[in-house]
Amino acid sequence: MPRIRRLCLVVPIITPQRTVWVWWFVAACLVAMSGWAAEPDAAAEPNFSQQQVAFYRQEVEPILQRHCYKCHGVVDDPKSHFRLTDRASILAGGDYGPAVLLDNPEESPLLTAVRYEELEMPPSGRLSDGEVEILARWVREGLPFPAERLMASERGHERHAPVVREEDRSYWAYQPVQRPDVPEVANTAWVRNPIDAFILARLEANGLRPAPMADGATLVRRVYYDLIGLPPTPEQIDAFLSDQSPGAYERLIDRLLASPQYGEKWGRHWLDVVRYGETNGYERDNPKPNVWRYRDYVIAAFNADKPYDRFVLEQIAGDELPDADADSWIATGFHRLGLWDDEPVDADQAYYDSLDDVVRTTAEAFLGMTIGCARCHDHKIDPIPQRDYYRLLAFFNNTFKDIRQLQFEKTAFTLNTQRVIASPEAQAAHRAQEQAHRQQLDQLSKEIAQWDERVFAALSPPEKEDAADAKVRRLLLAKYRPQVLSPDEVAQYDALVARLDALKNTRIPPLPEALVIRENGPTASPTHVLRRGSVHAPGEEVAPGFPEVLGFDDPPIPAPPPGAASCGRRLVLGRWLVDPRNPLTARVMVNRIWQHHFGRGIVRTPNDFGKAGRRPTHPKLLDWLASEFVARGWSIKSMHRLILTSSAYRMTSLASQDARAKDPTNDLFSHFNLRRLTAEEIRDTVLATTGRLNLKMGGPSVFTEIPAAVLAGASRPEAAWGKSPPQEQARRSIYIHVKRSLAEPVLRTFDSADSEASCAVRFTTTVPTQALTMLNGEFFNHRAGQFAERLRREAGPDPAAQIERAFRLALCRKPTSDERHRALALLEAWQTEDGLTAAEALRHFCLLIYNLNEFVYVD
């Protein structure tokens, strides 16, 4: 069928619209009425002549025996799972799909390989031209074989996924979580909670001491940024430092965890992991309507300390939960966050690309497994057979079917995945409001029609005939109305018309909708292993299942209840993900929490706990945290309190000479890791220093000012970006529109997350464009002016007071006497030597503050 398929896909693109459906009809007729496009039937047994069979035995098979059978003959594990020993195996193919295309023999992969056009086979050296021509004739004649070798033999010619070896299951990540004993240490005074014992035990074993405790000012700045992503105000710092009562630090942590800004900070971490974007990507990069509700759901979930097991369930199968509600439906927007091609060349392949996006993200985000690497072949490093990839995909193989029918209906995909999320009561009230609105329209229209009938009755017969035309009727009624009706009646008439016009212009706000998952009914389509990942080369059928290496039995899939809108498979998957016996889910999440407090995870590759990733530096601590996480009801805020109250978290970032020598990469956590602020923290901190940071939460995303030079690179610059009022532009960065083809320049400069795939760890680059942006960029210069205005307003005209206020707002500390002296001298020099006004000099000073390393790093 390849010719027909290409015809159907290409002709409509290059043919005028009127002709499109003609070609579709012609193509359909050719498929239905002729065998020209039929797929090869590997099960058919053609009758080859004696001459053809003799040609195979005398000419073809000797070539295969000399050059091919060593790897692709009757062996237990043929290369690429491909055999050349019988006709059926050749037509079925191996990892790279069918080796011979009977309907297009010259393009057969077998021939392109022996011709060294693509794959080069045999790898030992190219066949002679004569040998190549013998194989080409064999293919052109339809692969003649002796009758007994038309079909696969019983010697295992069917491909089966390799069995996971027992030693594979012994790998640390696949072992059940075991709660280890808390180790004993010599320096018991340093241990505030079990975390410290695990850290200190490793340090003592390596002859190291932990770094000293950070001072109060350093610690309070660190905690504010780690929990809410904003700097503390001078007043908040003073309040903490002056509170010497027991538990002051713990109360600070509780206040920050209770702050609405906590969910914005930690919600952004999660959005990185789930590849959050608000557009589809590709050339048109159209918006995903109402996707911002998923972002708001995540923020609210973190603020409410929603148990992580429930958080996972709602995103995987929120629509299938017995107690599904608006929040759980919104959570299923997780499935729709990825890239989506709205004009695929191959709709079938695009369907599996969308499924692949969900499979990869699910495996990496919740399990720390790179299962996506097994889409086309067995995983090259981890014990994940290709079959396991498709068994996991089967859980989702009922959620993107509409892509196949939407190649020319660009908006249907989006519209079909929206759902009203108002409560039943709100929906009833909305229907009543709409009904009342229609009734008012009908009533006013009837009253106006009664007045018009009076005027119409006064017309002459010829005029009544002319009034059959609606336009003429309106003109005649307007002409005779003042003659037929009294002035008071005309006034009443005009008032009715005005009321009707106003009512027509009144729009009842639509009910809120969200981008959600929508399945195609209670029966899922069969799932097949796809050879080389190609939808056009299906292999064995598989049922939903979990990665074999984890040792779980295949799950029973309960029959959907009558009237169900989905097949129920995702709920089975979700419940397995949060099963306490699952060795990965809790480990992966506590590692992420640790990562964002200490600058790196206990496993440095948070999305890859496999053999290609990094092993945990503290495996027993990781398991203790994972078991504690589950024991605490999957409470993320509880884990924050546990980690932040440890001595390990309170250390200074200054490493001893001994630690630098023995532990240069700080694998042992001998000191705190200095970290640069994230892109969002840098921008939000700049806004905070101006006093104009808008803390409004939720709602549709906002658009910042983007230079025209940046917009000029878009395919449609005038429509590439929106415009928001200045006050809205001053909102926190998590609310900025995330467009895949046009990243917000300030955020992208400082390494914001790539939204095309799950982003477990952001890059932290140091490049010239960052310094140039902070010195010359419009955003930083404009906000520096606002910062200077604030200093004059709050500190008065005294330069020394302005300098001190600037340090305290931006750096969370007072300037030293030397810094104060140098800053005063600089302000004076700008005015006396460079001719700047006092206001201009202060703006330059504020810009200088933004460019200090201390401003963008957390100690």
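What counts as what
- The residue numbers shown here count from 1 along each chain, following its written sequence.
- It should be noted that, the model being predicted, local features are given only for residues of pLDDT at least 70 and side-chain atom pairs only at 80 or more, the latter also being counted only at that level, while totals for whole chains, interfaces and linings use all residues.
- As a convention, hydrogens and water are excluded, and side-chain values are obtained from all of the structure's heavy atoms.
- Under the DSSP-based scheme used, a helix requires at least four consecutive residues in state H or I and a strand at least two consecutive residues in state E, with every element numbered from the N terminus.
- Categorising residues by exposure relies on relative accessible area from a 1.4 Å probe, with only protein chains included: less than 20% of the type maximum marks a residue as buried, more than 50% marks it as exposed, and the intermediate range marks it as partly exposed.
- The charge count includes Lys and Arg as positive and Asp and Glu as negative, but it does not include His or the ends of the chains.
- Charge coordinates come from a single atom per side chain, which is NZ of Lys, CZ of Arg, CG of Asp or CD of Glu.
- Directions drawn from the helix axis to the C-beta atoms are what define this arc.
- Contacts are assigned to residue pairs that have any heavy atoms within 4.5 Å of one another.
- Every definition here rests on a 1 Å grid over the protein atoms only: cavities are sets of points where a 1.4 Å probe fits but cannot get out, pockets are open sets enclosed by protein on both sides within 12 Å along at least five of seven lines, and lining residues have some atom within 4 Å of a point.
- Grid points are joined across faces, edges and corners, and a volume is the space filled by probe spheres set on the points.
- Residue classes follow a fixed rule: Ala, Val, Leu, Ile, Met, Phe, Trp, Tyr, Cys and Pro count as nonpolar, while Asp, Glu, Lys and Arg count as charged, and any other residue, Gly among them, counts as polar.
- The term polar contact refers here to a pair of N or O atoms within 3.5 Å; inside protein, the definition further demands a hydrogen-donor-capable atom paired with an acceptor-capable atom, and it admits residues adjacent in sequence only when both atoms are side-chain atoms.
- Every case where a carboxyl oxygen of Asp or Glu lies within 4 Å of a side-chain nitrogen of Lys or Arg is listed as a salt bridge.
- How sure the predictor is of each residue is captured by pLDDT, a score from 0 to 100.
- Helix axes use the C-alpha atoms of the stretch in contact, all axes being lines fitted to C-alpha atoms, and the angles between their N-to-C directions lie in the range 0 to 180 degrees.
- When describing relative orientation, an angle under 35 degrees is termed roughly parallel and one over 145 degrees roughly antiparallel, while 65 to 115 degrees is termed roughly perpendicular and anything else oblique.
- Should the near helix be turned anticlockwise from the far one by less than a right angle, the crossing is termed left-handed; should it be turned clockwise, right-handed.
- Exposure above 30% relative accessible area and no salt bridge define the residues that can form patches, which grow by joining like charges within 9 Å and nonpolar side chains of Val, Leu, Ile, Met, Phe, Trp and Tyr within 5 Å.
- For every accessible area listed, the method is Shrake-Rupley and the probe measures 1.4 Å; residues are considered covered only by the protein chains on display.
- For Phe, Tyr and Trp, rings pair up if their centres lie within 6.5 Å, where Trp contributes its six-membered ring, and each pair is then called stacked (planes under 30 degrees apart), edge-to-face (over 60) or tilted (otherwise).
- Note on geometry: a ring has a charge over it if NZ (lysine) or CZ (arginine) is within 6 Å of the ring centre and within 35 degrees of the ring normal.
- Given a helix with a known number of residues, its expected span is that number minus one, times 1.5 Å.

Considerations on the overall build of the protein
- When you go through the protein residue by residue, the secondary structure sums to 39 helices and six strands.
- Projected onto its principal axes, the C-alpha coordinates of the protein cover approximately 115 × 105 × 60 Å.
- Burial status across the protein gives 52% buried among its 859 residues.
- Charged side chains in the protein number 104 positive and 115 negative. The centres of these two groups are separated by 2 Å.

A word on helix H34 (residues 768–776)
- All buried positions along H34 are accounted for by Gln770, Thr773 and Met774. Buried residues in H34, looked at end-on, bunch into an arc of 90°, giving them a common side. Facing away from the buried surface of H34 by more than 90 degrees, the exposed residues are Pro768 and Asn776.
- Next to the buried residues of H34 lie strand E5 (675–676), helix H33 (745–749), helix H35 (778–795), helix H38 (838–850) and helix H39 (853–856).

A few points about the layout of surface pockets
- Roughly 810 Å³ of internal volume is contained in the second largest pocket.
- Taken together, 41 residues line the second largest pocket, and the ones lying closest to its centre are His596, Gly599, Thr678, Arg762 and Thr764.
- Listed by contribution, the elements that provide at least two residues to the lining of the second largest pocket are helix H12 (260–273), helix H25 (585–598), E5 and helix H30 (679–690).
- The element contributing the most residues to the lining of the second largest pocket is H12, with eight residues.
- Grouping the constituent residues of the lining of the second largest pocket by class yields 16 nonpolar, 10 polar and 15 charged.

Some words on the side chain of Arg83
- Looking at the element boundaries, Arg83 is found in the loop between helix H4 (69–72) and helix H5 (87–92).
- A polar atom in the side chain of Arg83 sits 3.2 Å from the backbone oxygen of Gly73.

Describing the pattern of salt bridges
- Going through the model one piece at a time under the given rule, you end up with 62 salt bridges.
- In this structure, the salt-bridge partner of Glu728 is Lys696, at a minimum N-O distance of 3.3 Å. Of this pair, Glu728 sits in helix H32 (residues 726–729) while Lys696 is found in the loop between H30 and helix H31 (708–711), placing the two residues 32 residues apart along the sequence.
- Judged by relative accessible area, Lys696 falls into the partly exposed class, the value being 41%.
- Across the salt bridge formed by Arg790 and Glu794, the nearest N and O atoms sit 2.8 Å from each other. Here Glu794 and Arg790 lie together in helix H35, a separation of four residues that amounts to about one turn.
- The class of Arg790 is buried, set by a relative accessible area of 12%.
- Taken together, the salt bridges that share partners define one network made up of Glu106, Arg115, Glu133 and Arg140.

A word on the confidence of the model for the protein
- When pLDDT is averaged across the protein, the result is 89; 91% of the residues are at 70 or more.
- Confidence over residues 1–43 falls short of pLDDT 50; this stretch has 39 contacts with residues more than four positions distant or in other chains.
- Contacts from residues 403–415, a stretch scored under 50 in pLDDT, to residues over four places away or in other chains number 28 contacts.

Thoughts on the packing of helix H8 (residues 194–205) against helix H26 (residues 619–631)
- Running from N to C, H8 and H26 point in directions that differ by 170°, and their axes come no closer than 9 Å. Compared by their axis directions, H8 and H26 come out roughly antiparallel. Between H8 and H26, the contacting residues are Pro194, Ile195, Phe198 and Ile199 on the first element and Lys620, Leu621, Trp624 and Leu625 on the second.
- Considering only residue class, the contact of H8 with H26 consists of seven nonpolar, no polar and one charged.

Description of the packing of helix H3 (residues 50–67) against helix H7 (residues 129–140)
- Where H3 contacts H7, the two axes come as close as 10 Å, and the packing angle between them is 125°. One finds that H3 runs oblique with respect to H7. Note on packing geometry: the crossing formed by H3 with H7 is left-handed. In this structure, H3 contributes Phe55, Tyr56, Glu59, Val60, Ile63, Leu64, Arg66 and His67 to the contact, and H7 contributes Glu131, Ile134, Leu135, Arg137 and Trp138.

Brief notes about a nonpolar patch on the surface
- A surface patch of nonpolar side chains, amounting to about 260 Å² of accessible area, comprises Tyr96, Leu119 and Met121.
- Structurally, the position occupied by Tyr96 is in the loop between H5 and helix H6 (109–114).

Let's talk about the packing of aromatic side chains
- Here the structure, examined in full by the defined rule, presents 38 aromatic pairs.
- Judged by centre distance (5.6 Å) and plane angle (90°), the ring pair of Phe552 and Trp576 falls under edge-to-face. Pair noted here: Phe552 is in the loop between strand E4 (538–542) and helix H24 (569–577) and Trp576 is in helix H24, with a separation of 24 residues, a long-range link. Across the pair, exposure class does not vary: Phe552 and Trp576 are buried alike.
- Through a chain of ring-to-ring contacts, three or more aromatic side chains come together here, namely Tyr262, Trp270, Tyr276, Tyr294, Tyr297, Phe302, Tyr308, Phe311, Phe334, Phe366, Phe629 and Trp634.
- Positioned above the aromatic ring of Phe334, the side-chain terminus of Arg275 is 5.2 Å from the ring centre.
- The ring centre of Phe456 lies 4.6 Å from the NZ or CZ of Arg473, which sits over that ring.

Here's the deal with H8
- Its 12 residues give H8 an end-to-end C-alpha distance of 17 Å, which sits within 8% of 16 Å, the value for a rise of 1.5 Å per residue.
- Taken residue by residue, H8 has Ile195, Asp196, Ala197, Phe198, Ile199, Leu200 and Leu203 as its buried positions.
- Taken together, the buried residues of H8 touch H25, H26, helix H27 (636–644) and helix H28 (647–650).
- In this structure Asn193 caps H8, since a side-chain oxygen of it lies 2.9 Å from the backbone nitrogen of Ile195.
- A positive phi of about 70° marks Gly207, the residue just after H8.

Topic: the environment of Ser354
- On the secondary structure map, Ser354 appears in helix H16 (residues 347–367).
- With 45 residues separating them in the primary sequence, Ser354 and Thr399 have C-alpha atoms 9.5 Å apart.

Description of the environment of Asn104
- Mapped onto the elements of the fold, Asn104 is located in the loop between H5 and H6.
- On a C-alpha basis, the gap between Asn104 and Arg140 in space is 8.7 Å, while along the polypeptide they are 36 residues apart.
- Of the polar contacts made by the side chain of Asn104, one reaches the side chain of Glu107; its length is 3.0 Å.

Details of unusual backbone geometry
- The omega angle of the peptide bond from Met121 to Pro122 is -5°, so this bond is cis rather than trans.
- Phi angles above zero are rare outside glycine, and Trp634 is one such case at about 60°.
- Mapped onto the elements, Trp634 comes out in the loop between H26 and H27.
- Even without being glycine, Phe669 reaches a positive phi, approximately 55°.
- Turning to its location among the elements, Phe669 is positioned in the loop between helix H29 (657–662) and E5.

Some words on the side chain of His72
- Within the element layout of this structure, His72 appears in helix H4.
- At 2.9 Å, the side chain of His72 and the backbone oxygen of Phe82 are in polar contact.
- With residues up to four places along the chain from it excluded, the contact list for His72 reads Lys79, Phe82, Arg83, Leu84 and Thr85.

A few points about the environment of Arg748
- Following the sequence through the fold, Arg748 ends up in helix H33.
- Along the chain, Arg748 and Pro78 lie 670 residues apart, while their C-alpha atoms are 47 Å from each other.
- Discounting residues that sit within four places of it in the chain, Arg748 has contacts with Ala743 and Ala753.

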